[in-house]
Amino acid sequence: MPFQVLAPILDHTQVGPQIYRLSLLAPQVAKHCTPGQFVHLLYTDTYGPHMRRPFSLLAADAEAGSFDIVYVARGRFTQGMARLGVGDSVSVVGPLGNGFKYTPVSYSHVVLCAGGVGAPPLAFLAATLHLDASAPRITVINGARTASMLVALEDFRRLGVDVRVTTDDGSAGRRGTVLDALQELGAHADKKAVVYACGPEAMLRAVGDYCVEHGIECYLSMETVMICGVGVCMGCVVKVRSPGSDEGYEYLRACHEGPVFRAEDLLWE
C-alpha cells in the first residue's frame, strides 16, 4: 500500500551532466517497495510547479529506512529539485504501481535492457536478484545516446554481473543500440531466458517486438506521463490485448496496473 510522507534528504549528488542521485529517508516506503515500482514526488506547495512527478526507484534499504532515485534535470520541476540540499524535505507518495514479476528459479538467464534514464528500476532488480543464491545468470545491456548519458552503470558493475555497454555514437562500449547488443547476445537460443527492459518507447518497442518474434518471455516498464499516479485521472493508459472484449483490446493504467507489462500484451500505436 502507498504512504504519503515528508522525507528529509539524506544525500543529493550530481553524478553526471544534469544527472542527480537523490537519497530520501522514508522508512515506510523503503520497507515496502519492490523493483519496478515508483514514487510520486513534490518539493513545494506553491505554484511552479505544483503537480507531482513520478520517479522510478533505483535502490531501497529497509534497514536504514531510505531509498534512492536518479533523475535528469531537464525541465522546470527537475531543475528546481536539483537545487535542494541535505536537510530539505520532499513530499513522497509511494511505493506505487506493480513492479517486475520474477521467480529466479524459473529462468536460466536474466537479461536487463536499460536505456538512458530507464536504468534505475533495472539496477534495483539486478541488486535484488544478486542477493538470491538461486538467481540465474544475469546480463545487463546498458545503453544511451552517448557516454555521458549512461545511468546507473557503476551500480550494475559493483554487482559483478556481466555488463555490456552500448552508445549510439560509440563514445562508450559498443557503437549501436540496446537491440543490437541483445541480438548479439543470442538470448533467443535459450528457451528459459527472460528479458526485462525500461527506457525510451522506441527502444521498448524494438526490444519487445524482437522478444515476441523469438518467443522470449519479456517484461517492459512503460514510461508514460503520469499526472495523478494513483489510477484516477486515466492520463497514463496503455493499449493492451483483451481477447474477451468486443474490440479485442482495452486500456490499462500504467500507474496502477503497470508500469510493467508483458511485451506480448502490448498494442503499439
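Structural data are supplied above this passage.
Basis of the calculations
- Residues numbered from 1 in each chain as written.
- Predicted model: local features only at pLDDT ≥ 70, side-chain atom pairs only at ≥ 80, totals over all residues.
- Heavy atoms only, no water.
- Pairing = 2+ DSSP bridges.
- Helix = DSSP H or I, 4+ residues; strand = E, 2+ residues; numbered from the N terminus.
- Axes fitted to C-alpha atoms, helices over the stretch in contact; angles between N-to-C directions.
- Core = buried A, V, L, I, M, F, W, Y, C linked by side-chain atoms within 4.5 Å.
- Buried < 20%, exposed > 50% of the residue type's maximum accessible area, 1.4 Å probe, protein only.
- Contact = heavy atoms within 4.5 Å.
- Arc of directions from axis to C-beta.
- Right-handed = clockwise from strand over helix to strand, strands pointing away.
- Phe/Tyr/Trp six-rings, centres within 6.5 Å; stacked < 30°, edge-to-face > 60°.
- Lys NZ or Arg CZ within 6 Å of the ring centre and 35° of its normal.

Enquirer: For this particular structure, what's the right way to read the sheet that holds strand β2 (residues 19-25)?
Expert: Note: strands within a sheet are paired through backbone hydrogen bonds, in either parallel or antiparallel orientation. Here 7 strands make up an open sheet; going across it, the order is β4-β3-β7-β1-β2-β6-β5 and the pairing antiparallel. Bordering the open sheet on either side are β4 (53-56) and β5 (59-61), each of which pairs with just one other strand. Between one strand axis and the next, the sheet turns by 35° as a mean value, whatever way the strands run. With 3 bridges joining them, β5 and strand β6 (residues 66-72) adopt antiparallel strand pairing. Among the inter-strand pairings, alanine 60 is bridged to a residue of β6, identified as phenylalanine 67.

Enquirer: Would you explain the nonpolar core in this entry?
Expert: Looking at soluble globular proteins, one finds that nonpolar side chains tend to be buried together. With 34 residues, the main nonpolar core has Cys113, Leu182, Val195, Val207 and Leu220 as its most contacted residues. Elements with a minimum of two residues in this core: β7 (89-96), β8 (109-115), α5 (178-185), β12 (193-198), α6 (201-213), β13 (217-221) and β14 (237-241). Not counting residues within four places of it along the chain, the set of residues in contact with valine 207 comprises Cys113, Val178, Leu179, Leu182, Val195, Ala197 and Cys218.

Enquirer: Help me understand α5, please; the structure alone is not making it clear to me.
Expert: In an α-helix, one turn spans 3.6 residues; hence positions three or four apart end up facing the same way. Looking at α5, one finds that the buried residues are Val178, Leu179, Ala181, Leu182 and Leu185. Here the buried residues of α5 occupy an arc of 160° about the axis, which is enough to place them on one side. Next to the buried residues of α5 lie β8, β9 (137-144), β10 (162-167), β12 and α6. Residue glycine 186 follows α5 closely and has a positive phi angle near 75°.

Enquirer: Which parts of the structure should I look at to understand the pairing of β6?
Expert: Walk down a regular strand and you will see the side chains alternate between the two sheet faces. Along β6, 7 of the 7 residues are buried, which leaves the element largely enclosed by surrounding structure. Burial along β6 is two-sided: Ser66, Asp68, Val70 and Val72 facing one way and Phe67, Ile69 and Tyr71 facing the other are all buried. One ladder, built from 7 bridges, connects β2 with β6; its direction is antiparallel. Bridge assignment links serine 23 to a residue of β6, and that residue is aspartate 68. Where β5 hands over to β6, the hairpin turn is made up of 4 residues, of which glycine 65 adopts a positive phi near 75°.

Enquirer: I'm lost on the pairing of β13 in this one. Help?
Expert: Across the 5 residues of β13, 4 count as buried, placing the element largely inside the fold. Both β12 and β13 contribute to a ladder of 5 bridges, which runs parallel. Across the sheet, the residue bridging to valine 195 is cysteine 218, located in β13. You can see the chain leave β12, run along α6 and come back into β13, and the turn it takes is right-handed. Looking at chain direction, β13 and strand β16 (residues 260-262) are connected through 3 bridges and run antiparallel. When the bridges of β16 are listed, leucine 220 appears paired with phenylalanine 261.

Enquirer: Sorry if this is basic, but what is going on with the packing of aromatic side chains here?
Expert: Geometry of an aromatic ring pair is reported as the spacing of the ring centres plus the angle between the planes. Taken as a whole and assessed by the stated rule, the structure comprises 7 aromatic pairs. Plain terms: the ring middles of tyrosine 43 and phenylalanine 77 are 4.8 Å apart, the flat faces sit at 65° to each other, and that makes the pair edge-to-face. Remark: phenylalanine 77 occurs in helix α2 (residues 76-81) and tyrosine 43 occurs in the loop between β3 (38-42) and β4; sequence separation between them is 34 residues. In this structure phenylalanine 77 comes out as buried when scored by relative accessible area, which is 3%. Ring plane angle 15° and centroid distance 5.5 Å describe the contact between tyrosine 196 and tyrosine 219, whose orientation is recorded as stacked. Highlighted residues: tyrosine 196 in strand β12 and tyrosine 219 in strand β13, separated in sequence by 23 residues. The residues tyrosine 196 and tyrosine 219 share a single accessibility class, namely buried. Here the aromatic residues Tyr20, Tyr43, Phe55, Tyr71 and Phe77 are joined through ring pairs into a cluster of three or more. Lying across the ring of tyrosine 249, lysine 239 places its NZ or CZ 4.1 Å from the centre.

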